[in-house]
Amino acid sequence: MPAHWDADQYLRYADLRNRPFADLLARVPDLPPRPTVLDLGCGPGNSTAALRRRWPDARLLGLDTSPELLAQARGADGEPTAEYREQDVTAYDPAPERPDLIASNAALHWMDTDTADHLELLPRWAAALRPGGVIAFQLPGNFAAPSHTLLAELRRTPRWRDRLATARPDASCHAPDRYARTLLAAGCTADVWESTYTMVLPGSDPVLEWVKGSALRPVLDLLPEAEERAEFLAEYGALLREAYPAGGHGTLFPFRRVFAVAVKR
């Protein structure tokens, strides 16, 4: 079951969430005039807007499964000049679009299913590109960090395991070399790297507020009662405060990301 997203919560730390995609696009080569650019898993349109700034004359198409995020993407805070479709990216064939660029920002890990791994999408995307076309993506690589391991452990405790048994399986990110090998085998070059952003988050319970916009969404969907949801958030928040103690200048939150830019040979 797809998560119900809160676009405002997701964009609460918009500048920090946008930086990895900006770093990714800095490594993408120039495209032909009036390129066709796909934003797969476009979310609230922050990535789509970045693509429009880089390629103002592009035909720009964004896909996502969340109507809440697509509504935000179509508004003034997203990129209203782009086309959008509410569609499952895992079932989408981009070949008819003949894209010059397939971009994906912090979305590939949401495309895992019970029977398929997001790595399997990359050969299909590569086959759809025009010669010289580009795949560019970045995704979180922090699934072994306390923010995620503590959440998984709490979900398995006697208090919560029955209520949260149907939550979406934990997401994952592969090692950079696996992405590189997959892209090379698909007939592309492979520029793959990783970075850890040591972010300074302000405010009270900032790591909890961060994950409310992303990793917590499938869990919160299973806790619709306000009292029960508040109880879970109080337990999880206490664990996060211990793992990420606040300092005089805010809370340090290391966040690893994996990046790839591939050009079809």
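How each quantity is defined
Residues numbered from 1 in each chain as written. Predicted model: local features only at pLDDT ≥ 70, side-chain atom pairs only at ≥ 80, totals over all residues. Heavy atoms only, no water. Salt bridge = Lys/Arg side-chain N within 4 Å of Asp/Glu carboxyl O. Helix = DSSP H or I, 4+ residues; strand = E, 2+ residues; numbered from the N terminus. Buried < 20%, exposed > 50% of the residue type's maximum accessible area, 1.4 Å probe, protein only. Core = buried A, V, L, I, M, F, W, Y, C linked by side-chain atoms within 4.5 Å. Contact = heavy atoms within 4.5 Å. Arc of directions from axis to C-beta. Polar contact = N/O pair within 3.5 Å; in protein donor to acceptor, adjacent residues only side chain to side chain. Axes fitted to C-alpha atoms, helices over the stretch in contact; angles between N-to-C directions. Left-handed = near helix turned anticlockwise from the far one by under 90°.

Per an unreviewed UniProt entry, the protein carries the name Trans-aconitate 2-methyltransferase and comes from Kitasatospora cineracea.

(A) Highlighting the pattern of salt bridges. Taken as a whole, this structure holds 14 salt bridges when the rule is applied. A salt bridge links Glu228 to Arg163; the nearest nitrogen and oxygen atoms lie 2.8 Å apart. In this pair, Glu228 is assigned in helix 10 (residues 226-243) and Arg163 in the loop between helix 6 (146-155) and helix 7 (176-185), connecting sequence segments 65 residues apart. Residue class for Arg163 comes out partly exposed when judged on its relative accessible area of 32%. Salt bridges linked by common partners bring Arg59, Glu83, Arg85 and Glu97 together as one network.

(B) How the structure looks around the nonpolar core. The biggest cluster of nonpolar side chains holds 50 residues, and the ones touching the most others in it are Leu51, Leu101, Leu216, Phe232 and Tyr236. With residues up to four places along the chain from it excluded, the contact list for Leu216 reads Leu151, Leu208, Val211, Phe232, Leu233 and Tyr236.

(C) A look at helix 7. When we look at burial in helix 7, the residues that qualify are Pro176, Tyr179, Ala180, Thr182 and Leu183. Projected down its long axis, helix 7 carries its buried residues within an arc of 165°, all on one side. Exposed and facing more than 90 degrees away from the buried side of helix 7 are Arg181 and Ala185. Its buried side turned inward, helix 7 meets helix 5 (121-128), strand 5 (134-140), strand 6 (191-201) and strand 8 (250-263).

(D) Representation of the environment of His109. Tracing the sequence through the fold places His109 in the loop between strand 4 (101-105) and helix 5. For His109, a relative accessible area of 5% corresponds to the buried category. Polar contacts involving the side chain of His109 include one to the side chain of Trp110, which spans 3.1 Å.

(E) Structural detail: the packing of helix 2 (residues 14-25) against helix 3 (residues 46-54). Relative to each other, helix 2 and helix 3 sit at 30°, their axes nearing to 10 Å. For the crossing formed where helix 2 meets helix 3, the hand is right-handed. Contacts between helix 2 and helix 3 involve Asn18, Phe21 and Leu25 on the former and, on the latter, Asn46, Ser47, Ala50, Leu51 and Arg54.

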